[in-house]
Amino acid sequence: MGGARDLARGLALARQALRENRNMIETLGDETDLGALERIEIAYALQSGGYTAQRDLPAATAYRSEVQTRLSAWLADAGCRSVLDLGAGEGTAWHGWSLALDHLALLDLSLNRLSWAPRNTTAAPIRQITRVKGDIGAPPVLERGFDAVVTMHALEPNGPSAKRLVDTAASCAARLLVFFEPDYAGAHDAMRRRMARHGYAQDIFEAARAAPGFTLIDAGRLDHPVNPDNATSFIALKRTQAPAGPAPGALADPLSRQALRPVEGGYRDASGDFLYPRLDGVACLAPGDGVLLGER
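Each value, and the rule that gives it
- Residues numbered from 1 in each chain as written.
- Predicted model: local features only at pLDDT ≥ 70, side-chain atom pairs only at ≥ 80, totals over all residues.
- Heavy atoms only, no water.
- Buried < 20%, exposed > 50% of the residue type's maximum accessible area, 1.4 Å probe, protein only.
- Helix = DSSP H or I, 4+ residues; strand = E, 2+ residues; numbered from the N terminus.
- Arc of directions from axis to C-beta.
- Phe/Tyr/Trp six-rings, centres within 6.5 Å; stacked < 30°, edge-to-face > 60°.
- 1 Å grid on protein atoms, 1.4 Å probe; cavity = no way out; pocket = protein on both sides within 12 Å on 5 of 7 lines; lining within 4 Å.
- Points joined across faces, edges and corners; volume = space filled by probe spheres on them.
- Nonpolar A, V, L, I, M, F, W, Y, C, P; charged D, E, K, R; others polar.

A. Layout of helix H9 (residues 189–198). The set of residues buried in H9 consists of Met191, Arg194 and Met195. Along the long axis of H9, the arc covered by the buried residues comes to 95 degrees, so they all point the same way. Turned more than 90 degrees away from the buried face of H9 sit Asp189, Arg193 and Arg197, all of them exposed. Where H9 terminates, the next one or two residues include Gly199, which has phi positive at roughly 70 degrees.

Have a look at this one:
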C-alpha cells in the first residue's frame, strides 16, 4: 500500500490522464507502483459526481428502471428487509426506489463517491441508509449479515478472475445474492475485446452458479444497457437454508468480521486494538482505515 506521498503523485498523474481523455487506472498501472485498489480508488474519486450528473438521461433511466423492477421482485419474494450494495458508487441505482426496506448499506471504495449518495436516496422508503467506505474483498459486515447482497458493475474491474469476490459476497448474504454484471461467456466479440483490454473479470457468472448453498432463481440479460459494448447480464440466487428471522444488517470489523462497538467519532473493534473513524456521515471501514490504539 502506498503512503500519502505516493497517493498524491498518483492523483496528479490521474488528473493529467483525465484531462487527456486517457484511462486513469491503466495510466497509474503503467507509471506507478500503486496497488490495484489504490488505482481504482483514485480514479473513482476523480470521477465522483459524474454518475449523478447523468442520472436522468434516458439511457440511465431505462437501465435503472429495469434493474429496480427485477431486484424489487426478488427481494419481496425472498422476504428481504436489509440489502448490502457492494460497490454502490454514488447510489444512483437507488434513485426512485419504491420498495420499503429496513436497512440499505451502500459500500464503496471511494469516500467522494459516497458523498453524492444522499442526493440519490433521500426519498427512498428505507428506514436506515448507511454509507460505508470499504473494500468489497474484505466487507465490513458479519457473516450472512444482510438478507440480500447485490452488485452492479462492481466486480467487473477486479479481474481477470472474480471468483474470490463472488464467494466473499455470498458469505454476506443470508437469503439472496444478485449480480448485475457483464457476462464474458455471452458477450459479443467487441465486448469481449473490451473486457480483455481492460483486464475485466470474465468468470463472474460461472463462479456465481457454483456458489455453495445457493440455488438459481433467474438469469439473463437486461434489455436496456447504458452501453451496448458493456451490456449488463444478471443472475439471482437464493440461499437454500435461509434463517427463520431477518439478518441483523450490522457492520463489522473488516479484519475479523466481528461486531463493532459504536464510540464517539467512529467504531471500536472487539479487541480494542483499532478505531475506525466516521467522516461526514460515512463509516470508514476499509482494512487500512483503522487507527491503531491497542489495549493491554
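B. Structural context of the packing of aromatic side chains. Counted under the stated rule, the structure contains five aromatic pairs. Judged by centre distance (5.7 Å) and plane angle (45 degrees), the rings of Trp74 and Phe234 are tilted. With a gap of 160 residues between them, Trp74 in helix H5 (residues 58–78) and Phe234 in strand E7 (residues 233–239) connect regions that are remote in the sequence. The exposure class assigned to Phe234 is buried, which follows from its relative accessible area of 3%.

C. Spatial organisation of the layout of surface pockets. Considering only enclosed or pocket space, the second largest pocket measures out at about 490 Å³ in volume. Along the wall of the second largest pocket there are 21 residues; nearest its centre are Leu7, Glu41, Leu109, Lys133 and Asp289. Listing elements by their share of the lining of the second largest pocket, those giving two or more residues are helix H1 (4–19), helix H3 (36–47) and helix H6 (111–114). Considering each element in turn, the lining of the second largest pocket owes the most residues, five residues, to H3. Here the lining of the second largest pocket is composed, by residue class, of twelve nonpolar, four polar and five charged.

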